[in-house]
Amino acid sequence: MSETNHIAEAVARASYGKLLALIAARTGDVAGAEDALSEAFAAALAGWPAQGVPENPRAWLLTVARRKLIDAARRNRTTHEASAHLQLLAEEIAEATADDVPDQRLALMFVCAHRAIHEAVRAPLMLQTVLGLDAATIASAFLTAPATMGQRLARAKARIRLAAIPFRLPEHADLHERLQAVLDAIYAAFSSGWTEPGGTEFRRRGLTQEAIWLCRLVVSLLPDEPEALGLLALMLYAESRRAARRTADGDYVPLDEQNPAGWDENLIEQAETLLLRASAIGVVGRFQLEAAVQSAHVVRRRTGRSDWPAIVRLYDVLETVTGSPVVAINRAVALAEAMGAIVGLAQLDLLADDPRLADYQPYWAARAGLLARTGAADLAGAAYRRAIGLEADPAVRRFLQGRLAALR
Amino acid sequence: MQYMLLIYRSEAAIEAASKADTGQMMAAYGAYSEAMVKAGVMVSGNRLHPTSTATTVRSPAGKAQVLDGPYAETKEQLGGYFLIEAPDLDTALSWAERCPGAALGAIEVRPIWVM
C-alpha cells in the first residue's frame, strides 16, 4: 500500500467517529451521515494518491461529506429544516481551523446508549458509529449472524432519526444514570472480546482494545466521573493479565497460578493511577469496586499473595450494590482463601437454590475446587464434570479435566 | 416535531376503581393537561369510550367485514391519547413519564409521520 493510502487510512481511523458525530448531531440522521462519510473517504482514497494529501484532511473530508449530504437531501426533497442544519454544518466547517472541529462523540455515545435503544444493540451501535467497525466484525464478536446484526443496527439508526433522539449531553440530574448506560455498553463490548481469552480469534481479541479506546475517550471528555475512571481501570487491570492467562502451548492458567512477571506493569500502573483519581472524587460505584478487587490481586507482585481479606470486604460491598449471584460466588471463593475452604463452601451452599446458577460454569468450578480442598473427592468430581459440561472454551475445559483427573 | 402519547390501561381495573380513586385520577389528568397547555406542548388529547363500544372494520378484497369489538383482545386497552409538540424524544418521554396513566398502565410514545 502506498504512503498516501496509509495516511488516508490513518486519518480515517482517527477522524471517523469525530466526523460522523459532528454530521449526525446536526442532521439527527446517523445512517445518512455514514453514507455521506463513506463516499467522502472513497473520494479521498481515489484522489489523494494523485493530488497529494490536503493540508487539513479532516476539513476536506467534512466538506466532501457535506456536499454528498446536500445531494442526498435534494434527491429526497428534504424539508426546509434539514437544509437549515446543513447550512449550520457548512458554517462550522468554515470556522474549523486546521487544529480542530467540535467533538460531538460523547453526545453520539449517549444517543447509542439511550434508553429508547434496545440494550443489546447499544454496544454494537457504539462500535459501529464511533469507531467505524463494520457490521460483520461486530456480529462475530457478539456471536450473531451478520445479516441479523446489520438489521438490528439499521433499525436502531432509523429509530434515532424518526423518533428524534437528541444529540446532547444529559441534564446534570440524569447524567450519572445515563452515563452508567454508556459505561455498561462499553463493558459489554469489552466482555465480548474477553470471553475469548486466548485471543486466538483476531476479531474478538480486537474488541477489548476498542472498548478501552472508547472508555479513554469518555474519560478524556468527562474527566471527573468516578465510574468512568473505575471502568477504565478495571479493563486495564484485566488487559494487563491477558498474556499470563495462557501458557505458551495455549493452556489456561487460573489467576492464582499466574506468574506476576507475565503481567503488564505499564497497564497496571495506569490502572492504579486511574483508580486513585476515582477514589479521590469520593463516590463509590460498581466499576470502582471491581477495579479495587483487581488492585488487591495485583499486590501479589510485591507481597506474593493477593490481599484476600480486602477482597472479601470489597465483595461484601459489591454484593450489597449489585445483588448479583456472580459476585456472591466470587465472595465465597475469596472467603475460602481468607478463612478456609469450609467457610467458602458454606457460603456457596447458601446459593445452591438459585436457578440462575444451574448452567453457570464458574459456580460449579468454584464448588469443585473448594470440595477438592476439603477432601470430598466424589462430590468434587461430580461438580468438575458439571463445570466441564458447561464450558465452551476448549483450553478451560482441558484445565478442568486435568483437575478432575488429579482427584484420583 | 409531534409525538402521540397512547395511553393503555386495564379497563377492568378502571371499572373496579373506587369512586374516590376515580375522582383523584380525573383531577390528576386535569392538572396534567393544564400543565401541558401552559408549557405549550399540548396539541390535542381525548379519552376514548371503552373497547366494549368499539367496532372493527376490515375490507379484504374490497368486501367489508365488520366485527363488534376491538382490533385485538389485550390485557390493557387503548383508553386515550395526547398529541404533543416536543423538540425531541427526551422531552416527549419526560411528558409521558408525568402522565397519570403511566403509574397504572403504559404510555406508548410514537413520533408523528408528517405526510
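The residue numbers shown here count from 1 along each chain, following its written sequence. Labels follow written order: the first chain is A, the first ligand is 1, and so on. Predicted model: local features are reported for residues with pLDDT of at least 70 only, side-chain atom pairs are reported and counted for 80 or more only, and whole-chain, interface and lining totals are derived from all residues.

What about the overall build of chain A?
How we decide: Helical segments are the DSSP runs of H or I of at least four residues, strand segments are the runs of E of at least two, and each set is numbered from the N terminus. Burial is judged by counting the other C-beta atoms within 10 Å of a residue's own C-beta: 20 or more makes it buried, 12 or fewer makes it exposed, and any count in between marks it as partly exposed, with every C-beta position built from the backbone. With C-beta atoms placed from the backbone, a contact is any residue pair whose C-beta atoms sit within 7 Å.
Secondary structure assignment for chain A yields 20 helices and zero strands. Counting every position in chain A, which comprises 408 residues, the buried fraction comes to 41%. In chain A, the share of contacts with a sequence separation of at least 24, taken over all contacts with a separation of at least 6, comes to 61%.

Some details on the overall build of chain B
Helix and strand content of chain B: three helices and six strands. Reading the helices (α) and strands (β) of chain B from amino to carboxyl end gives β-α-α-β-β-β-β-α-β. Overall, the C-alpha framework of chain B stretches about 45 × 40 × 20 Å when taken along its three principal axes. Counting the 115 residues in chain B, one finds 16% classified as buried. In chain B, once contacts between residues fewer than 6 apart in sequence are set aside, the share between residues at least 24 apart is 76%.

Comments concerning the packing of helix α2 (residues 30–51) of chain A against helix α3 (residues 57–75) of chain A
Residues and elements named next belong to chain A. Short version of the rule: Axis geometry follows a simple rule: fit a line to the C-alpha atoms, using only the stretch in contact for helices, then measure angles between N-to-C directions, giving values from 0 to 180 degrees. These descriptions rest on fixed angle ranges, namely under 35 degrees for roughly parallel, over 145 for roughly antiparallel, 65 to 115 for roughly perpendicular, and the rest for oblique. Put simply, a crossing is left-handed when the front helix is turned counterclockwise from the back one by less than a right angle, and right-handed when it is turned clockwise.
Packing of α2 against α3 leaves a shortest axis separation of 8 Å and a crossing angle of 130°. Classified by the interaxial angle, the pair formed by α2 and α3 is oblique. Every pair of crossing elements has a handedness; the one defined by α2 and α3 is right-handed. Each of Gly32, Asp35, Ala36, Leu37, Glu39, Ala40, Phe41, Ala43 and Ala44 in α2 lies in contact with α3, whose residues at this interface are Leu61, Val64, Ala65, Lys68, Leu69 and Ala72.

Here's the deal with the interface of chain A and chain B
What counts here: Any residue that is not Ala, Val, Leu, Ile, Met, Phe, Trp, Tyr, Cys, Pro, Asp, Glu, Lys or Arg is counted as polar, Gly included; the first ten are nonpolar and the last four charged.
Contacts between chain A and chain B engage six residues on the former and five residues on the latter. Of the residues in the side of chain A that touches chain B, the class split is six nonpolar, no polar and no charged.

Notes on the confidence of the model for chain A
The cut-off we apply is this: One confidence number per residue, pLDDT, is output by the predictor and ranges from 0 to 100.
Across chain A, pLDDT averages 87, with 89% of residues at or above 70. Here residues 196–204 of chain A scores under 50 on pLDDT; set against residues more than four positions off or in separate chains, the count is 17 contacts.

Examining the sheet that holds strand β6 (residues 106–111) of chain B
All names here are of chain B. Spelled out, the test is: Any two strands between which DSSP finds at least two bridges are classified as paired.
Ordered in space as β2-β5-β1-β6, the four strands form an open sheet in which the pairing is antiparallel. This sheet does not close on itself; its edge strands, each paired only once, are β2 (42–47) and β6. Strand-to-strand twist of the sheet, defined as the mean angle between neighbouring strand axes without regard to direction, takes the value 20°. Where strand β1 (residues 2–9) lies against β6, six bridges are found, and the strand directions are antiparallel. Bridged to Met4 within β6 is Arg110. Helix α2 (residues 19–38) contacts β2 and β5 (77–85) of the sheet and is inclined by roughly 160° relative to β2. Relative to the sheet, helix α3 (residues 89–98) contacts β1, β5 and β6, its axis offset from that of β6 by approximately 155°.

Some remarks on helix α13 (residues 286–298) of chain A
Heads up, the rule is: Each helix should span, by expectation, one fewer than its residue count multiplied by 1.5 Å.
Its 13 residues place the ends of α13(A) 19 Å apart at the C-alpha level, agreeing with the 18 Å of an ideal helix rising 1.5 Å per residue. Among the 13 residues in α13(A), 11 count as buried, and that is most of the element.

A closer look at the pairing of strand β4 (residues 65–68) of chain B
Residues and elements named next belong to chain B. Inspection of the sheet shows strand β3 (residues 55–58) paired to β4 by four bridges, in the antiparallel sense. Across the sheet, Thr55 pairs through a bridge with Asp68, a residue of β4. Here β3 folds back onto β4, and the loop between the two strands holds six residues, one of which, Ala61, carries a positive phi near 55°.

Topic: the nonpolar core
Residue and element names in this part refer to chain A. Worth spelling out the cut-off: Defined on buried residues, the nonpolar core groups Ala, Val, Leu, Ile, Met, Phe, Trp, Tyr and Cys residues joined through C-beta atoms within 7 Å. The domain limits used here are those given by an automatic or database domain assignment.
Residues Ile186 and Ala233 are the most contacted members of the largest nonpolar core, which totals 128 residues. Looking at this core element by element, the count peaks at 10 residues for helix α11 (residues 226–240). Each of domain 1 (3–102) and domain 2 (307–408) accounts for three or more of the residues forming this core. The contacts of Ala233, once residues within four sequence positions are left out, are Ala271, Leu274, Leu275, Ala278 and Ala291.

Notes on unusual backbone geometry
Even without glycine at this site, Ala164(A) takes up a positive phi of about 60°. By C-beta crowding, Ala164(A) is classed as partly exposed, having 19 other C-beta atoms within 10 Å.

Observations concerning the environment of Arg403(A)
Residue placement: Arg403(A) occurs in helix α20 (residues 394–406). Note on Arg403(A): 19 C-beta atoms within 10 Å, which makes it partly exposed.

A closer look at the packing of helix α5 (residues 105–112) of chain A against helix α6 (residues 119–131) of chain A
Residues and elements named next belong to chain A. Running from N to C, α5 and α6 cross one another at 150°; their axes reach a closest spacing of 9 Å. In terms of orientation, α5 lies roughly antiparallel with respect to α6. α6 is crossed by α5, and the crossing has right-handed handedness. Across the interface between the two elements, Arg105, Leu108, Met109 and Cys112 from α5 touch Arg122, Leu125, Met126, Thr129 and Val130 from α6.

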